[in-house]
Amino acid sequence: MQYVFLCYHREKDVLAWSKEHDAEVMAKLTVVQDKLKRQGRLGPVARLMPTTTATTLHKDREPPLVVDGPFAETKEQLLGFYLVDCATLEEAIEVARDMGRGESGSFEVRPVRLFQPGLAPA
């Protein structure tokens with residue numbers, strides 16, 4: 001089963017990191033990525049641009065309202081994600097623990113159900 005790992009952190013803290021600290025964090029995460037890649041389990045990985053680059057479409061009206069910025073006011077922001085094949089939730093949690101050795105913040109782990117038009121959901 002595929003699991004998505006949603007990476008959350010306080011964006012203002014991450015944006016304040018020095019280039020050296022950011023490179024150290026990315027290097028630690030690259031170790032985990034390389035391990036998963038060698039095992040053939042790593043899917044897409046993305047690091048999102050800051051929330052100041054976000055645009056939100058509100059569909060509660062017609063025509064939809066398009067506004068600058070993220071939708072939610074939260075303490076932590078979604079900074080990126082991984083898609084990884086894991087046999088069980090326990091295995092997925094172990095992957096999240098490996099990723100967590102890179103830096104503080106949190107990882108939300110969710111099973112993924114792929115959308116395929118014309119097929120009933122599994």
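For clarity, every value in this text was computed on a predicted model and none was experimentally measured.

Give a description of the environment of Arg38 that names residues and reports values.
Its location among the elements puts Arg38 in helix 2 (residues 19-38). Sequence spacing of Arg38 and Asp60 is 22 residues, and the spatial spacing of their C-alpha atoms is 45 Å.

Which residues make up the sheet that holds strand 1 (residues 2-9), and what values go with them?
Overall, antiparallel pairing links the four strands, which are arranged 2-5-1-6 in an open sheet. Unpaired on one side and paired on the other, strand 2 (42-47) and strand 6 (106-111) mark the two borders of the sheet. Along the sheet, successive strands turn relative to each other by an average axial angle of 20°, direction set aside. Where strand 2 and strand 5 (residues 77-85) come together, four bridges link them in antiparallel fashion. For Ala46, the partnering residue across the bridge sits in strand 5 and is Phe81. Along the sheet, helix 2 makes contact with strand 2 and strand 5, crossing strand 2 at roughly 165°.

Can you explain helix 2? Please cite residues and give values.
Here helix 2 is 20 residues long and its end C-alpha atoms lie 28 Å apart, about the 28 Å a rise of 1.5 Å per residue gives. For helix 2, the set of buried residues is Asp22, Val25, Leu29, Val32, Gln33 and Leu36. For helix 2, the arc enclosing every buried residue in end-on projection is 100°, short of the 170-degree limit, so these residues lie on one face. Of the residues in helix 2, the exposed ones pointing more than 90 degrees away from the buried face are Lys19, Glu20, Val31 and Arg38. Buried residues belonging to helix 2 abut strand 2, strand 5 and helix 3 (89-100). With its phi angle positive at about 70°, Gly40 sits one or two positions after the end of helix 2.

Could you give me a rundown of helix 3, with the residues and numbers involved?
The periodicity of an α-helix, 3.6 residues per turn, causes residues three or four places apart in sequence to face the same way. When the terminal C-alpha atoms of helix 3 are compared, their 16 Å separation across 12 residues agrees well with the 16 Å that a helix rising 1.5 Å per residue should span. Contacts from the buried residues of helix 3 go to strand 1, helix 2, strand 5 and strand 6.

Describe the pattern of salt bridges, and please don't skip the residues or the numbers.
Overall, the coordinates contain seven salt bridges when judged by the stated rule. Close ionic contact of Lys35 with Asp98 constitutes a salt bridge, the shortest N to O distance being 3.1 Å. Of this pair, Lys35 sits in helix 2 while Asp98 is found in helix 3, placing the two residues 63 residues apart along the sequence. Residue Lys35 is classed as partly exposed on the basis of its relative accessible area, which comes to 36%. Note that Arg97 is salt-bridged to Glu94, the shortest N-O span being 3.3 Å. Taken as a pair, Arg97 and Glu94 lie in helix 3 at a separation of three residues, close to a single helical turn. Residue class for Glu94 comes out partly exposed when judged on its relative accessible area of 37%. Members of the salt-bridge network, linked through shared partners, are Lys35, Asp98 and Arg101.

Rules used throughout
Residues numbered from 1 in each chain as written. Predicted model: local features only at pLDDT ≥ 70, side-chain atom pairs only at ≥ 80, totals over all residues. Heavy atoms only, no water. Helix = DSSP H or I, 4+ residues; strand = E, 2+ residues; numbered from the N terminus. Pairing = 2+ DSSP bridges. Axes fitted to C-alpha atoms, helices over the stretch in contact; angles between N-to-C directions. Contact = heavy atoms within 4.5 Å. Expected span 1.5 Å × (residues − 1). Buried < 20%, exposed > 50% of the residue type's maximum accessible area, 1.4 Å probe, protein only. Arc of directions from axis to C-beta. Salt bridge = Lys/Arg side-chain N within 4 Å of Asp/Glu carboxyl O.

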